[in-house]
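Here are the chains, one letter per residue:
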There are 2 protein chains.
Amino acid sequence: MPRIVVDVMPKPEILDPQGKAIAGALPRLGLTGFTGVRQGKRFELTVDGDVTEEVLEQARTAAATLLSNPVIEDVTRVEVIPEA
Amino acid sequence: MPRIVVDVMPKPEILDPQGKAIAGALPRLGLTGFTGVRQGKRFELTVDGDVTEEVLEQARTAAATLLSNPVIEDVTRVEVIPEA
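The rules we used
Residues numbered from 1 in each chain as written. Chains lettered and ligands numbered in written order. Predicted model: local features only at pLDDT ≥ 70, side-chain atom pairs only at ≥ 80, totals over all residues. Heavy atoms only, no water. Least-squares fit on C-alpha atoms with pLDDT ≥ 70 in both. Pairing = 2+ DSSP bridges. Helix = DSSP H or I, 4+ residues; strand = E, 2+ residues; numbered from the N terminus. Axes fitted to C-alpha atoms, helices over the stretch in contact; angles between N-to-C directions. Contact = heavy atoms within 4.5 Å. Buried area = accessible area lost by both parts, 1.4 Å probe. Salt bridge = Lys/Arg side-chain N within 4 Å of Asp/Glu carboxyl O. Polar contact = N/O pair within 3.5 Å; in protein donor to acceptor, adjacent residues only side chain to side chain. Nonpolar A, V, L, I, M, F, W, Y, C, P; charged D, E, K, R; others polar. Buried < 20%, exposed > 50% of the residue type's maximum accessible area, 1.4 Å probe, protein only.

Undergrad: How should the relation of the copies chain B and chain A be read in this particular structure?
TA: One chain copy maps onto the other through a rotation about an axis and a shift parallel to that axis. Superposing chain B onto chain A takes a rotation of 180° combined with a translation of 0.0 Å along the rotation axis, leaving an RMSD of 0.0 Å. Taken together, the rotation and translation describe the operation of a two-fold axis. Closest approach to the rotation axis among the C-alpha atoms of chain B is made by Lys41(B), whose C-alpha sits 2.2 Å away.

Undergrad: Can you help me understand the sheet that holds strand S1 (residues 3-10) of chain B in this one?
TA: One key point about sheets: their strands pair by backbone hydrogen bonds, in either a parallel or an antiparallel sense. The six strands are arranged S3(A)-S1(A)-S2(A)-S2(B)-S1(B)-S3(B) in an open sheet whose pairing can be described as antiparallel. Bordering the open sheet on either side are strand S3 (73-81) of chain A together with strand S3 (73-81) of chain B, each of which pairs with just one other strand. Within the sheet, the average angular offset between the axes of one strand and its neighbour, ignoring direction, is 20°. Bridging between strand S2 (residues 34-47) of chain A and strand S2 (residues 34-47) of chain B involves 13 bridges; their strand directions are antiparallel. Each bridged residue has a counterpart across the sheet, and for Thr46(A) the counterpart in S2(B) is Gly36(B). Across the sheet, helix H1 (residues 17-25) of chain A is in contact with S2 of chain A together with S2 of chain B; its angle to S2(A) comes to roughly 125°. Helix H2 (residues 53-65) of chain B rests against S2 of chain A together with S1, S2 and S3 of chain B of the sheet, and its axis sits at about 155° to S3(B).

Undergrad: I tried to follow the interface of chain B and chain A on my own but got confused; where do I start?
TA: Interface size is often expressed as the accessible area that is lost when the parts come together. Listed by partner, the interface residues are 36 residues for chain B and 37 residues for chain A. In total, about 2900 Å² of surface goes out of reach between chain B and chain A, with carbon and sulfur atoms giving 65% of it. On the chain B side of the interface with chain A, the three residues burying the most area are Phe34(B), Arg42(B) and Gln58(B), jointly 21% of the side's total. Linking Arg42(A) and Asp7(B) is a salt bridge whose minimum nitrogen-to-oxygen distance equals 3.1 Å. Summed over the shared surface of chain B and chain A, the number is 16 residue pairs in polar contact (both at pLDDT 80 or more). Elements represented by at least two residues in the side of chain B that touches chain A include exactly S1, helix H1 (17-25), S2 and H2 of chain B. The residue inventory of the side of chain B that touches chain A, partitioned by class, reads 18 nonpolar, 11 polar and seven charged.

Undergrad: How should I be thinking about the pairing of S1(B) in this particular structure?
TA: If a strand is regular, its side chains alternate between the two faces of the sheet. Residues and elements named next belong to chain B. Burial analysis of S1 places seven of its eight residues in the buried class, the great majority of the element. Across six bridges, the pairing between S1 and S2 is antiparallel. In the strand pairing of S2, Arg3 is matched with Thr46. Bridge count between S1 and S3: eight bridges; the pairing is antiparallel. For Val8, the partnering residue across the bridge sits in S3 and is Val75.

Rendered as structure tokens:
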């Protein structure tokens with residue numbers, strides 16, 4: 001069944017303590033090629049049937065209201081992914 | 001600066017209570033086009049300089065050891081994203 005992926009990331013100006021913790025741990029593992037890490041969320045919505053414009057609009061509504069907090073997060077992607 | 005994105009999703013056979021909770025909330029918002037939701041994580045690693053094969057290998061190591069728990073999660077993507 002087709003799936004819609006929604007990516008949600010903390011806004012650039014918002015502190016991201018989880019990302020900071022990961023960025024601090026990387027050098028301790030010998031992984032020194034990175035200057036920063038941001039942690040966000042990725043959702044996969046399984047669609048019942050075809051992905052119509054109406055379903056995509058529902059996914060955008062869900063992304064903006066239920067899946068993200070618009071005060072601190074940005075929805076960076078709402079997109080159909082090819083079937084596996 | 002270039003960024004590497006790492007996507008981590010719960011394994012298909014693993015229960016995903018956050019996804020289940022979202023799937024239960026969608027119909028209450030009138031969003032009835034979906035049969036299931038899975039919630040995973042999305043990381044953006046900022047690279048200091050060019051993305052060499054060595055840096056990508058470091059990102060794969062980080063994804064497999066620090067960013068995911070291989071018992072319950074799959075790394076579904078380690079990829080350079082174009083500069084904004």
